[in-house]
Amino acid sequence: MMDGPAAESQPVGEENKKWRCKMFKKLFYGEEAQGMTEYILIIALVAVVAVASLRLFGVQIKDLIVRSMRKIKDETSGFSD
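Just so you know, these numbers come straight off a predicted model, no measurement behind them. (Residues numbered from 1 in each chain as written. Predicted model: local features only at pLDDT ≥ 70, side-chain atom pairs only at ≥ 80, totals over all residues. Heavy atoms only, no water.)

**What to know about the overall build of the protein chain**
The helix and strand tally for the protein chain stands at three helices and zero strands. Listing every helix and strand of the protein chain by position from the N terminus yields α-α-α. The buried share among the 81 residues of the protein chain stands at 2%. When the accessible surface of the protein chain is split by element, carbon and sulfur atoms take 65% of a total near 8,100 Å². (Helix = DSSP H or I, 4+ residues; strand = E, 2+ residues; numbered from the N terminus. Buried < 20%, exposed > 50% of the residue type's maximum accessible area, 1.4 Å probe, protein only. Areas by Shrake-Rupley, 256 points an atom, 1.4 Å probe, with all protein chains shown as cover.)

**So, the confidence of the model for the protein chain**
In the predicted model, the protein chain carries a mean pLDDT of 80, and the fraction of residues at 70 or more is 77%. Mean pLDDT values for the elements of the protein chain range from 51 in helix H1 (residues 5–9) up to 90 in helix H3 (residues 31–76). (pLDDT = per-residue confidence, 0-100.)

**Focus: a nonpolar patch on the surface**
Where nonpolar side chains cluster on the molecular surface, the patch consists of Leu54, Leu56, Phe57, Ile61, Ile65 and Met69 and spans about 630 Å² of accessible area. Residue Ile61 is classed as partly exposed on the basis of its relative accessible area, which comes to 39%. (Patch = residues over 30% accessible without salt bridge, like charges linked within 9 Å, V, L, I, M, F, W, Y side chains within 5 Å. Salt bridge = Lys/Arg side-chain N within 4 Å of Asp/Glu carboxyl O.)

Here it is as structure tokens:
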């Protein structure tokens with residue numbers, strides 16, 4: 001059992017139910033929740049753009065990387081240990 005101010009601050013019985021409901025609403029409808037929701041929306045937007053970009057430009061990016069690797073390999077082939 002808790003002692004001190006923490007034990008007194010949380011109501012019991014029906015009042016506890018109302019208190020939990022009030023805290024739940026405050027968590028999801030307060031200003032902090034608005035900021036968190038905005039960050040989640042931004043992250044989701046960035047993820048959608050990243051996936052769409054990979055789908056749209058994936059082959060071109062892969063070809064660019066392969067060509068670059070081949071060129072580096074050809075340029076450095078005389079420097080083997």
